Amino acid sequence: MTASGFLTVAPVIEDSMASEVAAAVEALEDFDVAYETTAMGTIVEADDADELFAAASAAHAAVDADRVSTVLKVDDKRTSTAPAAEKVDAVEAELGREARGSRE
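The sections below set out a description of the structure shown in this document. The residue count restarts for each chain, going from 1 along the sequence in the order it is written. For a predicted model such as this one, the threshold for reporting local features is a pLDDT of at least 70, and the threshold for listing and counting side-chain atom pairs is 80 or more; totals across whole chains, interfaces and linings nevertheless cover every residue. Neither water nor hydrogens contribute to the side-chain values; these are computed over all heavy atoms in the structure.

### A short note on the nonpolar core
Among the buried residues, those of types Ala, Val, Leu, Ile, Met, Phe, Trp, Tyr and Cys that are joined through side-chain atoms within 4.5 Å form a nonpolar core. Three labels apply to residues, based on accessible area from a 1.4 Å probe with only protein chains included: buried if under 20% of the type maximum, exposed if over 50%, partly exposed otherwise in between. Formed by 14 residues in total, the largest nonpolar core has its most connected members in Leu7, Val9, Leu28, Val33, Val44 and Ala59. Mapped onto this core, the elements with two or more residues apiece are β1 (2-11), β3 (42-46) and α2 (49-62). No other element matches α2, which puts 5 residues into this core. The helix count covers DSSP runs of H or I at least four residues long, the strand count covers runs of E at least two residues long, and both are numbered beginning at the N terminus.

Now the structure itself:
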């Protein structure tokens, strides 16, 4: 099985969140997960939901702020071991190109 999620962890502050978001991302290193950070959040993939939830909890705890906002969207594929990247590959096959564009 494969569990993938889209995780956003952010302190509720007025200034830059970069150092606290970096702490949340660094916390993922202690878990058996693959991840990719984007401008809007972090895609996290684990073998099961328990590992995904533990990693998300650690990322939340790593943020040193009076108030922390965390959102986790989970896709728990209990009968499949296919990685999340296969979803993107399928869309790109339909498009006949990469599923990204530029603002030029």
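### As for the pairing of strand β2 (residues 33-37)
By the convention used here, strands pair only if DSSP detects at least 2 bridges between them. For β2 and β3, the ladder comprises 5 bridges, and the chain directions are antiparallel. Opposite threonine 37, over in β3, you have threonine 42 as the bridge partner. As consecutive antiparallel partners, β2 and β3 are separated by 4 residues.

### Quick notes on the pattern of salt bridges
A side-chain nitrogen of Lys or Arg and a carboxyl oxygen of Asp or Glu constitute a salt bridge if their distance falls within 4 Å. Scanning the entire structure with this criterion turns up 2 salt bridges. Lysine 87 is the partner of aspartate 75 in a salt bridge, and the nearest nitrogen-oxygen pair spans 2.3 Å. Taken together, the positions of aspartate 75 in strand β4 (residues 68-77) and lysine 87 in helix α3 (residues 85-95) put the pair 12 residues apart, joining distant regions of the chain. According to the relative accessible area criterion, aspartate 75 is partly exposed, its value standing at 28%. On the basis of relative accessible area, lysine 87 is assigned to the partly exposed category, the value being 39%. For aspartate 76, the salt bridge identified is with arginine 78, shortest N-O distance 2.9 Å. Its relative accessible area of 63% is what places arginine 78 among the exposed residues.

### Overview of the layout of surface pockets
Roughly 420 Å³ of internal volume is contained in the largest pocket. Together, 16 residues line the largest pocket, and Ser4, Gly5, Ile43, Ala84 and Val88 are the ones closest to its centre. Those elements giving two or more residues to the lining of the largest pocket turn out to be β1, β2, β3, β4 and α3. Side-chain classes follow a simple rule in which Ala, Val, Leu, Ile, Met, Phe, Trp, Tyr, Cys and Pro form the nonpolar group, Asp, Glu, Lys and Arg form the charged group, and the remainder, Gly included, forms the polar group. Broken down by class, the residue content of the lining of the largest pocket amounts to 8 nonpolar, 2 polar and 6 charged. The rule is simple: put a 1 Å grid over the protein atoms alone, call a set of points where a 1.4 Å probe fits but cannot get out a cavity, call an open set with protein on both sides within 12 Å along at least five of seven lines a pocket, and count a residue as lining if it has an atom within 4 Å of a point. Grid points are joined across faces, edges and corners, and a volume is the space filled by probe spheres set on the points. The computed volume of the second largest pocket comes to approximately 200 Å³. For the second largest pocket, the lining is made up of 16 residues, of which Thr8, Val9, Val21, Gly41 and Thr42 are closest to its centre. The set of elements that each furnish at least two residues to the lining of the second largest pocket consists of β1 and α1 (18-27). Considering every element that reaches the lining of the second largest pocket, the biggest residue donor is β1, with 4 residues. Of the residues contributing to the lining of the second largest pocket, the split by class is 11 nonpolar, 5 polar and no charged.

### Some thoughts on the side chain of threonine 42
With respect to the helices and strands, threonine 42 occurs in strand β3. Side chain to side chain, threonine 42 and threonine 37 meet in a polar contact 3.2 Å long. In this description, contact between two residues means that some pair of their heavy atoms is separated by no more than 4.5 Å. Among residues more than four places away in sequence, those in contact with threonine 42 are Gly5, Phe6, Leu7, Val25, Leu28, Tyr35, Glu36 and Thr37. Whenever a nitrogen or oxygen atom comes within 3.5 Å of another N or O atom, the pair is scored as a polar contact, on the condition that within protein one atom can donate a hydrogen and the other can accept it, and that pairs from neighbouring residues in sequence are kept only if both atoms are in side chains.

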